[in-house]
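Descriptive analysis of the structure
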Amino acid sequence: MLRSGLCLSRLGSVTTRSGGLSPCLDHSAARVNSTQRTKSRPNQDILQIQCKQNYTAWTNPRMPYRSIRSYQGPLKAVVFDWGGTVVDSGVMGPAITFVRIFKEEGIDITDDEARGPMGTHKRVHIQKVLQNNAVLERWLNQHGREPTDEDIDRMYHRFIPVQLEVLKDYCSMITGAAEAVKVLRNEYNLKIGSSTGWSSEIVNEIKPIAAAAGYVPDCYVAADEVPQARPLPYMVWLNAIRMDIHPLESIIKVDDTFDGIREGTSAGCWTVGVAKYGNYVAATEDQISRMNPREYERKLQHAYDVLSDAGSHYVVDSVSDLPGVVEDINQKLARGERP
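Computed from a predicted structure; not experimentally measured.

About the thresholds
Residues numbered from 1 in each chain as written. Predicted model: local features only at pLDDT ≥ 70, side-chain atom pairs only at ≥ 80, totals over all residues. Heavy atoms only, no water. pLDDT = per-residue confidence, 0-100. Contact = heavy atoms within 4.5 Å. Phe/Tyr/Trp six-rings, centres within 6.5 Å; stacked < 30°, edge-to-face > 60°. Helix = DSSP H or I, 4+ residues; strand = E, 2+ residues; numbered from the N terminus. Buried < 20%, exposed > 50% of the residue type's maximum accessible area, 1.4 Å probe, protein only. Axes fitted to C-alpha atoms, helices over the stretch in contact; angles between N-to-C directions. Parallel < 35°, antiparallel > 145°, perpendicular 65-115°, else oblique. Nonpolar A, V, L, I, M, F, W, Y, C, P; charged D, E, K, R; others polar. Pairing = 2+ DSSP bridges. Left-handed = near helix turned anticlockwise from the far one by under 90°. Salt bridge = Lys/Arg side-chain N within 4 Å of Asp/Glu carboxyl O. Expected span 1.5 Å × (residues − 1). Core = buried A, V, L, I, M, F, W, Y, C linked by side-chain atoms within 4.5 Å.

Let's shift gears to the confidence of the model for the chain. The predicted model of the chain has a mean per-residue pLDDT of 87, with 84% of residues at 70 or higher. The model gives residues 44-51 a pLDDT under 50, and that stretch makes 32 contacts with residues more than four places away or in other chains.

What follows is the structure, given as structure tokens:
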């Protein structure tokens, strides 16, 4: 079959206006009749190329139909983020830690700069902050050179002890989170998983604190347990394996950050963004209660916008709103819908 127009394939052949036949390797492979130009585009050659492409569809007369499996059962599990989702309203602990470790390097960063890559593995987070043009300029002024891998490793190794020191002041359960998890377990028979940008060392410190407040997930996965953390899907998949949950569309991923939502969509599950107590409102519960209503509304809407843009299937104020979301997703699954 012959078609007119540019050949976008590296296969086949090209017929030029002069009648010659040459292999079609790329756009530059065609000969150009340089004498023919248009008045509107005097400096551009006109290519009239015919590419021959053969399309052969796979067929088998013994298989005229193909069956497609569609899961129509209920949800089986929810994988929660930690900071800004179930603990530490405003994600204050990590933000304060990043500001401190950059200060130790002679670099002042703002709260917004510290929060930009929130949700990623903390080493990646440091690397991304250093890629911020304003932060990089300050680094160059202070150190006279660009940051190296050794600099990033040193700052990451400092992050863990500083975060552990800060953690004791910013590890309280977010209001309503533990109660909502009980509802999900008892009324919807859901398993509870967890993923985080924290390392295993930090997760092990927060486990007993959360347990004392009534929050004990069935599975814990930290960023250093997988080849790459968010926004790649490996922590969600490892949760599914450890909790023996399948298919992936029977899982909800709940998070307060852009990369945390992308982790869930990449994994193939439903995603719910939580806005009120997360990274983008960036306030403790006490600060929220005292916040100017216009400022609060502006920050909350910003959080909704970021999480929606990340690809969230749903965005809600907090984990307390999840039972209604579970009901809606279960209805969609019963109709054969997928994330």
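Attention shifts here to the packing of aromatic side chains. For the structure on display, the rule yields four aromatic pairs. Taking the centre distance of 6.3 Å and the plane angle of 15° together, the rings of W82 and Y220 count as stacked. You can see W82 sitting in the loop between β5 (77-80) and α1 (92-104) and its partner Y220 sitting in the loop between α7 (200-212) and α8 (234-243), a full 138 residues away along the chain. When sorted by exposure, W82 lands in the same class as Y220, which is buried.

What follows is about the packing of helix α3 (residues 122-131) against helix α4 (residues 133-143). Close contact between α3 and α4 brings their axes to 5 Å; oriented N to C, the two are set at 85°. With respect to their mutual orientation, α3 and α4 come out roughly perpendicular. Counting all contacts with α3, which are made through V129, L130 and Q131, the residues of α4 involved are N133, V135, L136 and W139. Taken together, the residues of the contact of α3 with α4 sort by class into five nonpolar, two polar and no charged.

In this section: the pairing of β5. With burial as the criterion, each face of β5 is covered, one bearing A77 and V79 and the other bearing V78 and F80. For β5 and strand β6 (residues 191-194), the ladder comprises four bridges, and the chain directions are parallel. In the strand pairing of β6, V78 is matched with I192.

Once that is clear, we can look at the pairing of strand β8 (residues 270-274). Note on strand geometry: in a regular strand, side chains alternate between the two faces of the sheet. With five of its five residues buried, β8 lies for the most part within the structure. Pairing between strand β7 (residues 251-255) and β8: four bridges, direction parallel. Paired with V254 across the strands is V272, a residue of β8. Alignment of β8 against strand β9 (residues 314-316), held across three bridges, turns out to be parallel. From the neighbouring strand, V274 faces β9, where its bridge partner is V316.

It is worth spelling out α8 at this point. Along α8, the positions that sit buried rather than exposed are M235, V236, L238, N239, A240 and M243. Those residues of α8 that are buried lie in contact with β5, β6, β7 and α9 (258-267). With its phi angle positive at about 55°, D244 sits one or two positions after the end of α8.

The subject of this paragraph is the packing of α9 against helix α11 (residues 293-309). Packing of α9 against α11 brings their axes to within 8 Å, and their N-to-C directions diverge by 30°. The pairing of α9 with α11 is recorded here as roughly parallel in orientation. Crossing handedness for the pair α9 and α11: right-handed. Every residue of α11 that contacts α9 at F258, I261 and R262 is listed here: V306, L307 and D309. Its residues placed into classes, the contact of α9 with α11 shows four nonpolar, no polar and two charged.

This structure, assessed with the given rule, holds 22 salt bridges. The partner of D153 in a salt bridge is R123, with the nearest N and O atoms 2.7 Å apart. Residue D153 is found in helix α5 (residues 149-167), and its partner R123 is found in helix α3; the two are separated by 30 residues along the sequence. Taken together, the shared-partner salt bridges in this structure form one network comprising D81, R230, K253, D255 and E263.

Moving on: α1. Counted at 1.5 Å a residue, the expected span for α1 with its 13 residues is 18 Å, and the 19 Å between its end C-alpha atoms agrees. Along α1, the positions that sit buried rather than exposed are M92, G93, P94, A95, T97, F98, I101 and F102. As for α1, its buried residues are in contact with α2 (111-115), α3, α4, α5 and α10 (285-290). Directly after α1, the chain includes G106, whose backbone phi takes a positive value near 85°.

This part covers the nonpolar core. Grouped burial of nonpolar side chains is what soluble globular proteins tend to show. Core analysis: the largest hydrophobic core is formed by 60 residues, its most contacted members being F80, W82, V86, F102, I126, Y215 and I252. Beyond its immediate stretch of four places on either side in the chain, V86 contacts F80, D81, S172, M173, I174, A177, Y215 and V319.

Before going further, it helps to examine the sheet that holds β8. One open sheet accounts for five strands, arranged β6-β5-β7-β8-β9; its pairing is parallel. The sheet is open, and its two edges are formed by β6 and β9, each paired on a single side. Going across the sheet, the axis of each strand differs from the next one's by a mean of 25°, ignoring polarity. Pairing of β5 with β7, which is carried by four bridges, proceeds in the parallel orientation.

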